[in-house]
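# Fold and geometry: a report
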Amino acid sequence: MFKNTIVKQPGESYINGLTTSDLGSPILEKALEQHEAYIEALKTCGTEVTILPSCVDFPDSTFVEDTAVLTPNFAVISNPGAHTRNGEIREMEPAIKSFYENIYYIKAPGTLDGGDILQIEDHFYIGISARTNLEGAEQLKQILELENYKATIVQLEKFFHLKTGIAYLGNQTIVAAGEFIDHPDFNSYTKIIVPPEEEYAANCIQVNDYVIIPAGYPITKHKIKEAGYQTIELDMTEFRKLDGGLSCLSLRF
Ligand code: CIR
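Keep in mind that what you see is a predicted model, and the values were worked out from it rather than measured.

### A few points about the overall build of the protein chain
- Of the regular secondary structure elements, the protein chain holds 5 helices and 15 strands.
- A compact globule built from 253 residues would reach a C-alpha radius of gyration of about 18 Å, and the protein chain, at 17 Å, matches this within 12%.
- On the principal axes, the C-alpha backbone points of the protein chain span a range of 40 × 40 × 35 Å.
- Summarising the internal contacts of the protein chain: among those between residues at least 6 apart in sequence, 67% fall at separations of at least 24.
- Taken as a whole, the protein chain presents about 11200 Å² of accessible surface, with 50% of it coming from carbon and sulfur.
- Separation of charge centres in the protein chain, based on 20 positive and 36 negative side chains, amounts to 1 Å.

In structure tokens:
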């Protein structure tokens, strides 16, 4: 059960954020509307939403997920792999300190983005990506094992972040796309398979009684509903333009 969520509003500089996509520049006004709807959805799911003000110095800082890994008893402040994003952790730290006493830190030369971390019950999967390096992954693995969680390091092939291509919905059920469909580390789970043309929909989030999914991916939506989940659909076009998905926009704990 998630009681709390933390989000951060997109700022004026959001349109200058990092991207690998060729979907064009985001429209700030639309991004703000979509962010508002995202907050409403998190409230519908029953979470108390902490809304942090935007910060013009960090165009990508609305993607708060990358700054931390949160569990019921402790927090890990990450060390984001993109240098234009690294300072976001200093902005996030006070908010995390208001909820947690037990805080660990990923330290250089280790880098780690929260988007590379997937929790499935008491088992964490840590993706090695362009943003998370082996040193960062090993530091997190050590912390998690010290706290009695299991941890597996997964080398990414194509996806940007681990959770760009995989989500956990509870009940041992995952949503998987691309390289994760037949990945040996995830073979023991029940799978909802996302077809290639709907790959973006693999980044969905289960929040209490709902699964929040991006709007416009009917096949995946149908499969998730058929598996027995209640869905909330959100327009994500302006976040997709900067490689962002539903999980990236919040910390859930
Ligand atoms: C970035 O390149 O860092 C942002 N434009 C997108 C971050 C997406 N975050 C995530 O998948 N957790």
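That was the structure; now back to the text.
### A word on the site of the ligand
- By nearness alone, 13 residues border the ligand, and Asp60, Arg85, Arg131, Leu242 and Cys248 come closest of all.
- In the model, a nitrogen atom of the ligand is placed 2.8 Å from a nitrogen or oxygen of the Leu18 main chain.
- For the ligand, a nitrogen atom lies 2.7 Å from a polar atom in the backbone of Leu242.
- Here the ligand, which alone exposes 350 Å², has 98% of that area covered by the protein.
- A breakdown of the residues in the shell around the ligand according to their chemical character gives 5 nonpolar, 2 polar and 6 charged.

### Let's talk about the confidence of the model for the protein chain
- In the predicted model, the protein chain carries a mean pLDDT of 98, and 100% of its residues have values of at least 70.
- Both scores are given for the predicted complex: the pTM is 0.97, the ipTM 0.98.

### A short note on the packing of aromatic side chains
- Evaluated as defined, the whole model comprises 13 aromatic pairs.
- Where Tyr100 meets Phe253, the ring centres are 5.7 Å apart and the plane angle is 40°; that geometry is what we call tilted. Placement of Tyr100 in the loop between helix 2 (88–97) and strand 5 (103–105) and of Phe253 in the segment after strand 15 (251–252) is noted, with a sequence separation of 153 residues between them. Here Tyr100 matches Phe253 in class, with each residue buried.

### Digging into the state of the cysteines
- On inspection of all chains with the given rule, the structure shows 0 disulfides.
- Of all cysteine sulfurs in the structure, the one in Cys204 sits closest to Cys45, which takes part in no disulfide; the separation is 12 Å.
- Owing to a relative accessible area of 5%, Cys45 belongs among the buried residues under this scheme.

### Some details on the sheet that holds strand 7 (residues 123–128)
- The strand order across the open sheet built from 3 strands is 6-7-8, with neighbouring strands paired in mixed fashion. With one partner strand each, in any of the chains shown, strand 6 (117–120) and strand 8 (150–155) form the two edges of the open sheet. In this sheet, adjacent strand axes meet at a mean angle of 20° when their direction is disregarded.
- With 6 bridges joining them, strand 7 and strand 8 adopt parallel strand pairing. Residue pairing in the sheet places Ile126 in a bridge with Ile153 of strand 8.

### Some remarks on the layout of surface pockets
- In this model, the largest pocket occupies a volume close to 830 Å³.
- The wall of the largest pocket is formed by 33 residues, among which Phe2, Leu70, Gln119, Arg252 and Phe253 lie closest to the centre.
- Of all the elements in the fold, those that place two or more residues in the lining of the largest pocket are strand 3 (68–70), strand 6, strand 9 (166–168), strand 12 (205–207) and strand 15.
- At 4 residues, the largest contribution of residues to the lining of the largest pocket is made by strand 6.
- Taken together, the residues of the lining of the largest pocket sort by class into 20 nonpolar, 9 polar and 4 charged.
- Looking at the second largest pocket, its volume works out to about 410 Å³.
- Around the second largest pocket, the lining is made up of 21 residues, and of these Phe160, Thr164, Tyr200, Arg240 and Asp243 lie nearest the centre.
- Its residues assigned to classes, the lining of the second largest pocket comprises 5 nonpolar, 9 polar and 7 charged.

### Thoughts on helix 3 (residues 134–146)
- Between the first and last C-alpha of helix 3 there are 18 Å, a value that for 13 residues agrees with the 18 Å anticipated at 1.5 Å per step.
- Residues Gly136, Ala137, Gln139, Leu140, Ile143 and Leu144 constitute the buried set of helix 3. Each buried residue of helix 3 sits inside an arc of 160° when the element is viewed along its axis, so together they form one side. For helix 3, the exposed residues set more than 90 degrees away from the buried face come down to Gln142 and Leu146.
- Packed against the buried residues of helix 3 are strand 3, strand 4 (75–77), strand 5, strand 6, strand 7 and strand 8.
- Residue Asn148 follows helix 3 closely and has a positive phi angle near 70°.

Reading the values: rules and limits
- Residues numbered from 1 in each chain as written.
- Predicted model: local features only at pLDDT ≥ 70, side-chain atom pairs only at ≥ 80, totals over all residues.
- Heavy atoms only, no water.
- Helix = DSSP H or I, 4+ residues; strand = E, 2+ residues; numbered from the N terminus.
- Rg over C-alpha atoms; globule rule 2.2 N^0.38 Å.
- Contact = heavy atoms within 4.5 Å.
- Areas by Shrake-Rupley, 256 points an atom, 1.4 Å probe, with all protein chains shown as cover.
- Lys, Arg positive; Asp, Glu negative; His and termini not counted.
- Charge placed at Lys NZ, Arg CZ, Asp CG, Glu CD.
- Near = heavy atom within 4 Å.
- Polar contact = N/O pair within 3.5 Å; in protein donor to acceptor, adjacent residues only side chain to side chain.
- Nonpolar A, V, L, I, M, F, W, Y, C, P; charged D, E, K, R; others polar.
- pLDDT = per-residue confidence, 0-100.
- Phe/Tyr/Trp six-rings, centres within 6.5 Å; stacked < 30°, edge-to-face > 60°.
- Buried < 20%, exposed > 50% of the residue type's maximum accessible area, 1.4 Å probe, protein only.
- Disulfide = S-S within 2.5 Å.
- Pairing = 2+ DSSP bridges.
- Axes fitted to C-alpha atoms, helices over the stretch in contact; angles between N-to-C directions.
- 1 Å grid on protein atoms, 1.4 Å probe; cavity = no way out; pocket = protein on both sides within 12 Å on 5 of 7 lines; lining within 4 Å.
- Points joined across faces, edges and corners; volume = space filled by probe spheres on them.
- Expected span 1.5 Å × (residues − 1).
- Arc of directions from axis to C-beta.

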